Amino acid sequence: MESDLYAKEPHRANLVARLPGTGDGPSLLLLSHTDTVVADPAEWQVDPWSGELRDGEVWGRGALDMKSQVAANAVTIASLAREGFRPAGELIFVAAADEEVGQGFGLPWLCEEHPDAVRADYALNEGAGERIELLGRPFYICSSAEKMSSPFRLLVHGRAGHASMPGIADNALAKAAPLIEKLAAYRPEPELGPETDALIQTVAGRSLEPGEALELAREVDPGIAEMLEPLLSLTLSPTMISASERRNVVPSSCEVIVDCRLLPGQTQADAEPLIRGVLGEGDYELEWIEGRGGTRSALETPLWSALEGFVAEIEPDAALIPICVAGFTDSHWLREAFGTVAYGFFPMRTMDAQLAARLVHSADERIAVADVELAVRCFREVARRVCG
Ligand SMILES: [Zn+2]
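The structure displayed is predicted, hence computed values, not measured ones.

Describing empty space enclosed by the protein
Thinking step 1. Taken as a whole and judged by the stated rule, the model has one cavity of 30 Å³ or more.
Thinking step 2. Its boundaries defined by the atoms lining it, the largest cavity holds a volume of some 230 Å³.
Thinking step 3. For the largest cavity, the lining is made up of 14 residues, of which Ile200, Val203, Ala217, Ile224 and Leu228 are closest to its centre.
Thinking step 4. Every element with two or more residues in the lining of the largest cavity is listed here: helix H5 (194-204), helix H6 (210-220) and helix H7 (222-228).
Thinking step 5. Residues of the lining of the largest cavity, tallied by class, amount to 14 nonpolar, no polar and no charged.

Encoded structure:
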């Protein structure tokens, strides 16, 4: 197979391999990242870099996030090439170097510096794929949208003074407290996007108002309601605070950092008046720290149909449901740069979805071999259907 290394730094190279198309069919990119978060061997039952095979599972850092998908993607494209499969549209394999930390060696750099290497009509990436049961019926989750990470800083002003005479000062820390309480208590009006609307329609069998859907979810299973609620609005979580560095000095300013996630399509300009409305008038400044992600892909696409077909084949009772995930993945770079339809899907039915969620970025990360095999089967079929 034709393959190339692209590196901003020689020791952080990205691998791109391609199976050229014979016609002008749509292209499909199988996307993954090869870096992982760190691991502390003292917390693990096995050497985190051993890749040990134990009771039908591969153990090691990155087993779930996401060397399993790197491997399944590689086997998919290599096995199709070996069998002489010649797609109408190009099939592309990308193992990107840098997703977890995001220092600019990976996919954003490829999109910027080597767009021809990674431009594609469709892409399959990490983000979802697990099997869950809702109302007694099995579903496989596909992530088609991501919320925007949009943290902000609240700088509360006061006047410094000696802490032994609080009356002469204006304590910025104390003034921050009611603002934090307001942010934490805020429950935004729930609203439906295309993903949440399709999700509710598939699970409930009909359209529901967002408030009605939340109420129903709470009755059926509080866990489902917890999962659904952040998909229906922006979220605000005050997480960090700093003020005086001396015990005996009343702080003249207090900084509060708020983790904020916006709905896909929602902008900081939309959100700011809402947040200022929650806080009310006061002696503070609000400053956005960054805005990353917040993209979505359409649902009625050949890639969606291909995944739907696969799910129906492996489990006729099951349905594919779209979800908007709270974190962002490399998918948003492709959506932003090329308008790629990108989904997160790695089918998983042997390992329990809740266990898998707990093991990602944690000790004893592992994956069932049967799930890796299922992914290869899925990706081979999807490649055949989409690239033709
Ligand atoms: Zn990952």
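Re the sheet that holds strand S5 (residues 57-59)
Thinking step 1. Strand order in the open sheet made by the three strands is S4-S5-S20, with antiparallel pairing throughout. With partners counted over all chains shown, the strands left at the sheet margins are strand S4 (53-54) and strand S20 (366-368), one partner each.
Thinking step 2. In terms of strand pairing, S5 meets S20 through three bridges, oriented antiparallel. Bridging from a neighbouring strand, Trp59 pairs with Arg366 of S20.
Thinking step 3. Relative to the sheet, helix H1 (residues 63-82) contacts S5 and S20, its axis offset from that of S20 by approximately 50°.
Thinking step 4. Here helix H12 (residues 369-387) sits on the sheet in contact with S4, S5 and S20, set at roughly 65° to S20.

Some points on the nonpolar core
Thinking step 1. If you look at the biggest cluster of nonpolar residues, it comprises 48 residues, and the most contacted ones within it are Leu28, Leu91, Leu124, Leu307, Phe345 and Val382.
Thinking step 2. Per-element accounting of this core gives the leading share, ten residues, to H12.
Thinking step 3. Discounting chain neighbours no more than four positions away, the residues touching Leu28 are Glu90, Leu91, Ile92, Tyr122, Ala123, Leu124, Leu303, Val382, Ala383, Val386 and Cys387.

Digging into the coordination of the zinc ion
Thinking step 1. At this site the zinc ion is bound by His33 (NE2), Asp65 (OD), Glu126 (OE) and Glu126 (OE), with donor distances of 1.9 to 2.7 Å.
Thinking step 2. Between the four donor atoms coordinating the zinc ion, the angles at the centre fall across 52 to 146°, so the site counts as irregular.
Thinking step 3. Ordering the donors of the zinc ion by residue number gives the pattern H-x31-D-x60-E. In this pair, His33 sits in strand S3 (residues 28-33) while Asp65 sits in helix H1, placing the two residues 32 residues apart along the sequence.
Thinking step 4. Looking at His33, the relative accessible area reads 1%, which means it is buried.

Looking at the layout of surface pockets
Thinking step 1. Space inside the largest pocket adds up to approximately 1500 Å³.
Thinking step 2. Around the largest pocket, the lining comprises 49 residues; the ones closest to its centre are Gly127, Ala128, Glu130, Ala353 and Ala357.
Thinking step 3. Tallied by class, residues from the lining of the largest pocket come to 24 nonpolar, 13 polar and twelve charged.
Thinking step 4. In this model, the second largest pocket occupies a volume close to 270 Å³.
Thinking step 5. Along the wall of the second largest pocket there are 14 residues; nearest its centre are Tyr186, Arg187, Pro188, Glu229 and Thr235.
Thinking step 6. Listing elements by their share of the lining of the second largest pocket, those giving two or more residues are helix H4 (172-185) and strand S13 (235-242).
Thinking step 7. Classifying every residue of the lining of the second largest pocket gives ten nonpolar, two polar and two charged.

Concerning the pairing of strand S8 (residues 131-134)
Thinking step 1. What you see with S8 is a clean split: Ile132 and Leu134 sit on the buried side and Arg131 and Glu133 on the side with no burial.
Thinking step 2. Alignment of S8 against strand S9 (residues 137-146), held across four bridges, turns out to be antiparallel. Bridging across to S9, Leu134 finds its partner in Arg137.
Thinking step 3. The antiparallel pairing of S8 with S9 creates a hairpin that spans two residues between the two strands, and Leu135 there sits at a positive phi of about 50°.

Here we look at the pattern of salt bridges
Thinking step 1. The full count for this structure, using the stated rule, is 22 salt bridges.
Thinking step 2. Among the ionic pairs, Asp170 bridges to Lys175, the shortest N-O distance being 3.0 Å.
Thinking step 3. A residue is classified by how much of its surface remains accessible, and Lys175, at 26% relative accessible area, is partly exposed.
Thinking step 4. When the shortest N-O distance is used, the salt bridge between Lys175 and Asp283 registers 3.1 Å. With a gap of 108 residues between them, Lys175 in helix H4 and Asp283 in the loop between helix H8 (268-279) and strand S16 (284-288) connect regions that are remote in the sequence.
Thinking step 5. Residue classification places Asp283 among the partly exposed positions, given a relative accessible area of 41%.
Thinking step 6. Each of Glu313, Arg377, Glu381 and Arg385 takes part in salt bridges that share partners, so that together they form one network.

Each value, and the rule that gives it
Residues numbered from 1 in each chain as written. Predicted model: local features only at pLDDT ≥ 70, side-chain atom pairs only at ≥ 80, totals over all residues. Heavy atoms only, no water. 1 Å grid on protein atoms, 1.4 Å probe; cavity = no way out; pocket = protein on both sides within 12 Å on 5 of 7 lines; lining within 4 Å. Points joined across faces, edges and corners; volume = space filled by probe spheres on them. Helix = DSSP H or I, 4+ residues; strand = E, 2+ residues; numbered from the N terminus. Nonpolar A, V, L, I, M, F, W, Y, C, P; charged D, E, K, R; others polar. Pairing = 2+ DSSP bridges. Contact = heavy atoms within 4.5 Å. Axes fitted to C-alpha atoms, helices over the stretch in contact; angles between N-to-C directions. Core = buried A, V, L, I, M, F, W, Y, C linked by side-chain atoms within 4.5 Å. Buried < 20%, exposed > 50% of the residue type's maximum accessible area, 1.4 Å probe, protein only. Donors = N, O, S within 2.8 Å, 3.2 Å for Na, K, Ca; no water. Tetrahedral: all angles 85-135°; square planar, octahedral: opposite > 155°, others 65-115°. Salt bridge = Lys/Arg side-chain N within 4 Å of Asp/Glu carboxyl O.

Such coordinate-based values are descriptive only and should not be taken to indicate function.
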